[in-house]
Amino acid sequence: LYENHSGIPSGEQMDKFDVLVVDIQDVGLRYYTYYITMHHLMQACASYGKKVVILDRPNPNGFYVDGTILDMNYKSGIGWLPIATVHGMTLGELGRMIVGEGWIDGSLDLEVVPCLNYTHGTYYCLIMPPSPNLKDMKSIYLYASTCYFEGTVATPGRGTDFPFEVYGHPSMTGYQFEFTPRSVPGAKNPRFKDQVCHGVDLRDKSLDEIRSGRINLGYVIDAYSNLGLGDPFFGTNNHFELLSGARWIREMIEDGHSAGEISARWAPQTEEFRERRRPYLLYPE
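As a starting point, this report considers the structure included with it. (Residues numbered from 1 in each chain as written. Predicted model: local features only at pLDDT ≥ 70, side-chain atom pairs only at ≥ 80, totals over all residues. Heavy atoms only, no water.)

**A word on the state of the cysteines**
Worth spelling out the cut-off: Two cysteine sulfur atoms make up a disulfide if the distance between them is within 2.5 Å.
Applying the stated criterion across every chain yields a total of 0 disulfides. No disulfide involves Cys 125; its sulfur sits 15 Å from the nearest other cysteine sulfur, which is in Cys 115. You can see Cys 147 has no disulfide; the closest cysteine sulfur is in Cys 197, sitting 17 Å from it.

Next up, the structure:
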């Protein structure tokens, strides 16, 4: 699926099987793209009359829902469905929502094999990294906040041993912490490769502190303020909007609003999505 770049299997590929089994470790973020591949495959199976079985796994970020619902004007390969930034669902639950909300064309024979003894409040520590740049639980919890740096001129530390656990830029001032991105597996050409970056190390925070923090736009606001309001902090494209799911978040940052004011604005959307997803949940909240 990666090789053909479309994410859509060919008819020849579809003819090779009768049942598609989905068994992959998601981390519960709208811009973490495993669910998008699952959606494409569900659509293909609906079109070709194939059954889908999802072997469900816990979502390590399944204990909360936060962020905007995607404005579908910013639908992309890093945001495909009208769901909250942190959707708080397992892939099995999300698969049920995809069918129930009519987000695929046609009918689909879907079976979800649920987890045993799981609730959305269960602390779930992954036994192995789900992808090369999410190396431990701190990065998985911080990812909801630090991935926004991918849509800015700053870096969240790709090319280091601690991606998404730091942020910085060669021109940031007033910070003692330094790091230098290198070419490594999973980040062959990271931003600011072989350049010394100055910034903030979030690894000193405890797991409990990070886990209770929800989405924290304070990190992005800090870097924006440090690098100068006149610089093109958000770059020259709409990558930040593709991640955040809305144009107004960038505008509020540029207008000097706090992280709390921004999250207060998206709170009604968060609650709307929380209720919309409720019929599809398989596990107690």
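**Looking at the pattern of salt bridges**
Cut-off, in case you're wondering: By definition here, a salt bridge exists when the distance from a side-chain nitrogen of Lys or Arg to a carboxyl oxygen of Asp or Glu is within 4 Å. Numbering of helices and strands starts at the N terminus; helices are DSSP runs of H or I of at least 4 residues and strands are runs of E of at least 2. The buried label goes to any residue with under 20% of its type's maximum accessible area, the exposed label to any with over 50%, and the partly exposed label to all in between, with areas taken from a 1.4 Å probe on protein chains only.
A complete count under the given rule lists 14 salt bridges for this structure. The closest approach of N and O atoms between Asp 194 and Arg 182, which form a salt bridge, is 3.1 Å. With Asp 194 in the loop between strand 7 (177-179) and strand 8 (197-201) and Arg 182 in the loop between strand 7 and strand 8, this pair connects stretches of sequence that are 12 residues apart. For Glu 275, the salt bridge identified is with Arg 278, shortest N-O distance 2.7 Å. For Glu 275, a relative accessible area of 42% puts it in the partly exposed group. Judged by its relative accessible area of 36%, Arg 278 is partly exposed. Via salt bridges that share partners, Glu 241, Arg 247, Arg 250 and Glu 251 belong to a single interconnected network.

Note that every value here comes from positions in space, so none of it alone points to a role or purpose.
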